[in-house]
Amino acid sequence: MSVLVYTESWKGNFRKSTFEAVSYASETAKLLGTDVVALSFGEVTDDELAKLGNYGASKVLSANGISKGDSQATSNLFAEHATDASIIIFASSYTSKMIAPRLAIKLKAGISSNVISLPSNTSPLQVSRKAFSGKAIEKTIINTDKAILTLAPNAFGLVESGGNCSIEKIGGSQKGDVNIKGDEIASGKVSLAEAEIIVSGGRGLKGAENWGMIEELADLLGAATACSKPVADIGWRPHDEHVGQTGKAVAPNLYIAIGISGAIQHLAGVNSSKVMVVINTDPEAPFFKAADYGIIGDAFQVVPKLIEEIKKFKN
Ligand SMILES: Cc1cc2nc3c(=O)[nH]c(=O)nc-3n(C[C@H](O)[C@H](O)[C@H](O)COP(=O)(O)OP(=O)(O)OC[C@H]3O[C@@H](n4cnc5c(N)ncnc54)[C@H](O)[C@@H]3O)c2cc1C
């Protein structure tokens, strides 16, 4: 019985969330006294696959011929290689949301999402997960023989073990009913899901033309850009930047909210951030109650000063 982990790559490179999932799988495997087997779909070089050994995988099964976006073909092949697995781990992503539930049906496995802890018990499997938009923590027991866990973003961290893994090629070029013609990042240089720092703007920024300073600040910090829902609805920013209850849930180390009031629906998607900094003219803005640091001030004065100081600091 092994611990199986789904790995996700972008343009041939594994995502940080994948190394986190393999680290989690490795710590879980230690509890069970077993090994970690990683499954990779899509074109990934052997050098990149070998990196998974450093996070605790002892074996990698690589299906180069299958598009990682083809959730039907992926979950079919995945199920074939999951017969020996007792626990299957996914990072949280759009792709894992497509594959994990299909796999759960195929394997008759119990599934728990948004997991934030290592198993506190392995028989039956017990984990903690975030519930109610991060406002509550739920203890879940999975009673089925096989269990699928999808991890909350940035909940676990990376654990390097310095190990090596064997690589085995699997599968042919199976296709499901979904034909993926190509994929590309919709906007922004840093992916929101992977971002350590996020600079986010709200309606207080008055218009799309004022996002230059947000992008400049994000560039300087190596951050991703995000926005509140009305900003995406009006069309000042693309919808894939919208964070909150009805947008993406993010959990960066640093979330900088500029001209955002901090409505409960916005906070629901960002309140797992480790540190929150809020810039707002209104001292009564609800965001200040949730913030770690607050600047009461006009974004059009504060942000250029921040940019200037960061440039000086970097020089
Ligand atoms: C079912 C439902 C789901 C929702 N889902 C989401 C969601 O997922 N994400 C989300 O964001 N919202 C969501 N909303 C909307 C949410 O309720 C708020 O309306 C929205 O978050 C407000 O966006 P905002 O803070 O950008 O705008 P506003 O509420 O207009 O706030 C703008 C803020 O900018 C400040 N400001 C103004 N000028 C400046 C300046 N020059 N410098 C600095 N600060 C300034 C103001 O003081 C104010 O606090 C949802 C609502 C509903 C009903």
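Note that the structure is a prediction, hence the values are computed from the model and not measured. (Residues numbered from 1 in each chain as written. Predicted model: local features only at pLDDT ≥ 70, side-chain atom pairs only at ≥ 80, totals over all residues.)

## Structural notes on the environment of Ile-256
Tracing the sequence through the fold places Ile-256 in strand S15 (residues 254-258). As for Ile-256 and Ser-200, which are separated by 56 residues in sequence, their C-alpha atoms are 5.9 Å apart. Every residue in contact with Ile-256, bar those within four places of it in the chain, is listed here: Ile-198, Val-199, Ser-200 and Val-277. (Helix = DSSP H or I, 4+ residues; strand = E, 2+ residues; numbered from the N terminus. Contact = placed C-beta atoms within 7 Å.)

## Considerations on the nonpolar core
Among the nonpolar cores identified, the biggest contains 85 residues, and Val-5, Val-22, Ile-89 and Ile-198 are the most heavily contacted of them. When residues of this core are sorted by domain, at least three fall in each of domain 1 (2-169) and domain 2 (197-314). (Core = buried A, V, L, I, M, F, W, Y, C linked by C-beta atoms within 7 Å. Buried ≥ 20, exposed ≤ 12 C-beta atoms within 10 Å, placed from the backbone. Domains from an automatic or database assignment.)

## Details of the site of the ligand
Close to the ligand lie 26 residues, the nearest being Gly-202, Gly-204, Ser-228, Lys-229 and Gly-244. Among the elements of the structure, helix H6 (229-234), helix H7 (264-270), strand S16 (275-280) and helix H9 (299-314) are those that each provide at least two residues to the shell around the ligand. For the shell around the ligand, the class distribution of residues is eight nonpolar, 14 polar and four charged. (Near = placed C-beta within 6 Å. Nonpolar A, V, L, I, M, F, W, Y, C, P; charged D, E, K, R; others polar.)

## Brief notes about the domain arrangement of the chain
The domain architecture assigned to the chain consists of domain 1 (2-169) and domain 2 (197-314). Contact residues are listed per partner, giving five residues for domain 1 and six residues for domain 2. Across the side of domain 1 that touches domain 2, the residue classes tally to two nonpolar, three polar and no charged.

## Here's the deal with the environment of Ile-89
Residue position: Ile-89 is located in strand S6 (residues 85-90). For Ile-89, a count of 29 C-beta atoms within 10 Å gives the class buried. Linking Ile-89 and Ile-148, residues 59 residues apart in sequence, is a C-alpha distance of 6.0 Å. For Ile-89, the contacting residues outside a window of four places in its chain are Val-3, Val-5, Ala-21, Tyr-24, Ala-25, Leu-149 and Leu-151.

## Some thoughts on the pairing of strand S9 (residues 125-131)
Judged from the two bridges that link them, strand S8 (residues 121-122) and S9 form a sheet pairing that is antiparallel. Bridging across to S9, Asn-121 finds its partner in Gln-126. Relative to strand S10 (residues 136-142), S9 is paired through seven bridges, and the arrangement is antiparallel. Considered in S10, the bridge of Lys-130 is made with Ile-137. Hairpin connection, S9 to S10: the antiparallel pair is bridged by four residues, and Phe-132 has positive phi, about 50°. (Pairing = 2+ DSSP bridges.)

## Some details on the packing of helix H5 (residues 212-221) against H9
Orientation of H5 relative to H9, taken along the N-to-C sense of each, is 25°, at an axis distance of 10 Å. One finds that H5 runs roughly parallel with respect to H9. As for how H5 packs across H9, the hand of that crossing is left-handed. Judged by residue contacts, Met-213, Glu-216, Leu-217 and Leu-220 of H5 engage Val-303, Pro-304, Leu-306, Ile-307, Ile-310 and Lys-311 from H9. Across the contact of H5 with H9, the residue classes tally to eight nonpolar, no polar and two charged. (Axes fitted to C-alpha atoms, helices over the stretch in contact; angles between N-to-C directions. Parallel < 35°, antiparallel > 145°, perpendicular 65-115°, else oblique. Left-handed = near helix turned anticlockwise from the far one by under 90°.)

## Quick look at the sheet that holds strand S17 (residues 293-296)
The strand order across the open sheet formed by five strands is S14-S13-S15-S16-S17, and the pairing between neighbours is parallel. Edge positions in the open sheet fall to strand S14 (224-227) and S17, since each of these has one partner strand only. Each neighbouring strand pair of the sheet contributes to a mean axis angle of 15°, computed without reference to strand direction. Pairing of S15 with S16 involves five bridges; the strand directions are parallel. Across the sheet, Ile-256 pairs through a bridge with Val-277, a residue of S16. Packing of H5 onto the sheet brings it into contact with strand S13 (197-201), S14 and S15, and relative to S13 it is tilted by some 175°.

## Some points on the pairing of strand S5 (residues 59-63)
Most of S5 is tucked away: four of the five residues are buried. Where strand S4 (residues 36-41) lies against S5, five bridges are found, and the strand directions are parallel. Note that in S5 the partner of Ala-38 across the bridge is Val-60. Relative to strand S12 (residues 166-169), S5 runs parallel, the two being bridged by four bridges. What sits directly across from Ser-62, in S12, is Lys-169.

## Considerations on unusual backbone geometry
Of the consecutive residues Ser-123 and Pro-124, the connecting peptide bond is found in the cis state with omega at 0°. Along the polypeptide, Pro-124 turns up in the loop between S8 and S9. Even without being glycine, Lys-206 reaches a positive phi, approximately 70°. Along the chain, Lys-206 falls in the loop between S13 and H5.

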